[in-house]
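Take a look at the letters that make up each chain.
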Amino acid sequence: MEHITFDADAVQRMLKQRRFSDAMTACEATLQSPQAPESHKKSALHLKGMTHYFQNSLAQSIDCFKKVLEMDPRYTDSAITLSVIYNDLGKYDDAKRAYQMANQSLPQKKHGSDASLDLKFALKHIELGDLYFKYNRFDEALEDYSKAVRLAPQQMDYRIKIAKTYAKKGYTTRAVQEIKQISAEHPDYLPARIHLGLMYFSLGNVIDAQSEWEQALRLEPGNAEVITYLGMAKQATETTT
């Protein structure tokens, strides 16, 4: 008898490429196969729910996640995503129940379990935000990135995503302010220096861009990316003089 496998990574790539029909076909093939193990069926059903979600078919998406949790109440990813959807729909009691189910699914510890769950939620919002950003749905991306930052404020790369989204929306002043705030709070955080320099450069402010990159190079001498940007700034100043 043929052994049925389900390649969850391949389906996730299909979702990122908006190949929703292919993703649904792969999930259905596993769900309808009597040889597929239950672990693969749960994964396929979860990703079927994600496929519906990205097509804004929320009722079908919710139905998939609920079925996963009927099969396995400790399937954390489905519980988390279900809670996110309910929260977005304003169904806060349902969201709370799904949140509590996700919390119970995590390894129980005397300390830090809430932080672990918050980080899982934050990562889910980042995943959704990245997809929205990729397809120029910047308002939705900003909303999910902001939720991620509220859940995991220590993740400074999430805040950079917010700044980049503001820049894409044309709110360049707000974008610069966001990055400057990160640099003020964490002067040794290299990515903030690099991105602030890029924003200054895109605005034609070559001098301030060069200053940020010089500070970045002092933080990490020999950084190839920063050296490239400094060369770009030098070429720009030579062209304008």
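Coordinates for the structure precede this section.
We now turn to the structure provided with this report. Just so it is clear, the structure is predicted and the values come from calculations on it, not from any experiment.

Rules of the game
- Residues numbered from 1 in each chain as written.
- Predicted model: local features only at pLDDT ≥ 70, side-chain atom pairs only at ≥ 80, totals over all residues.
- Heavy atoms only, no water.
- 1 Å grid on protein atoms, 1.4 Å probe; cavity = no way out; pocket = protein on both sides within 12 Å on 5 of 7 lines; lining within 4 Å.
- Points joined across faces, edges and corners; volume = space filled by probe spheres on them.
- Helix = DSSP H or I, 4+ residues; strand = E, 2+ residues; numbered from the N terminus.
- Nonpolar A, V, L, I, M, F, W, Y, C, P; charged D, E, K, R; others polar.
- Phe/Tyr/Trp six-rings, centres within 6.5 Å; stacked < 30°, edge-to-face > 60°.
- Buried < 20%, exposed > 50% of the residue type's maximum accessible area, 1.4 Å probe, protein only.
- Expected span 1.5 Å × (residues − 1).
- Polar contact = N/O pair within 3.5 Å; in protein donor to acceptor, adjacent residues only side chain to side chain.
- Axes fitted to C-alpha atoms, helices over the stretch in contact; angles between N-to-C directions.
- Left-handed = near helix turned anticlockwise from the far one by under 90°.
- Contact = heavy atoms within 4.5 Å.

### Some details on the layout of surface pockets
Item 1. Considering only enclosed or pocket space, the largest pocket measures out at about 460 Å³ in volume.
Item 2. Lining the largest pocket are 19 residues, and of these Gln 12, Met 50, Asp 77, Lys 124 and Glu 127 lie nearest its centre.
Item 3. When contributions to the lining of the largest pocket are tallied by element, the ones reaching two or more residues are helix 1 (8-16), helix 3 (38-54), helix 5 (76-88) and helix 7 (113-134).
Item 4. Tallying contributions element by element places helix 7 first for the lining of the largest pocket, with 7 residues.
Item 5. For the lining of the largest pocket, the per-class residue count stands at 9 nonpolar, 3 polar and 7 charged.
Item 6. Here the second largest pocket defines a volume of roughly 310 Å³.
Item 7. If you trace the second largest pocket, you find 19 residues lining it, with Tyr 53, Asn 56, Tyr 132, Arg 137 and Glu 140 closest to the centre.
Item 8. For the lining of the second largest pocket, the secondary structure elements donating two or more residues are helix 3, helix 5, helix 7 and helix 8 (138-151).
Item 9. At 4 residues, the largest contribution of residues to the lining of the second largest pocket is made by helix 8.
Item 10. For the lining of the second largest pocket, the residue count by class is 10 nonpolar, 2 polar and 7 charged.

### Re the packing of aromatic side chains
Item 1. Scanning the entire structure with this criterion turns up 5 aromatic pairs.
Item 2. Measuring from ring centre to ring centre gives 6.3 Å for Tyr 166 and Tyr 171, while their planes differ by 40 degrees; the resulting arrangement is tilted.
Item 3. With relative accessibility at 11%, the residue Tyr 166 sits in the buried group.
Item 4. Here Trp 213 and Tyr 229 contribute two aromatic rings whose centre-to-centre distance is 5.1 Å and whose plane-to-plane angle is 25 degrees, an arrangement assigned as stacked. With Trp 213 in helix 12 (residues 206-219) and Tyr 229 in helix 13 (residues 224-240), the pair connects residues that are 16 residues apart, well separated along the chain. The exposure classification of Trp 213 matches that of Tyr 229, with both residues buried.

### Quick notes on helix 3
Item 1. An ideal rise of 1.5 Å per residue puts 24 Å on 17 residues; helix 3 measures up with 24 Å between its terminal C-alpha atoms.
Item 2. In terms of burial, helix 3 is a largely internal element, 14 of the 17 residues being buried.
Item 3. Directly after helix 3, the chain includes Asn 56, whose backbone phi takes a positive value near 65 degrees.

### Observations regarding the side chain of Asn 223
Item 1. By secondary structure assignment, the location of Asn 223 is in the loop between helix 12 and helix 13.
Item 2. There is a polar contact of 3.0 Å between the side chain of Asn 223 and the backbone nitrogen of Val 226.

### Re the packing of helix 4 (residues 58-71) against helix 5
Item 1. Between helix 4 and helix 5, the least distance of the axes is 9 Å, while the angle of their chain directions is 145 degrees. Seen along the crossing, helix 4 lies across helix 5 with a hand that is left-handed. Residues Ser 61, Ile 62, Phe 65, Lys 66, Val 68 and Leu 69 of helix 4 pack against Ser 78, Ala 79, Thr 81, Leu 82, Ile 85 and Tyr 86 of helix 5.
Item 2. Its residues assigned to classes, the contact of helix 4 with helix 5 shows 8 nonpolar, 3 polar and 1 charged.

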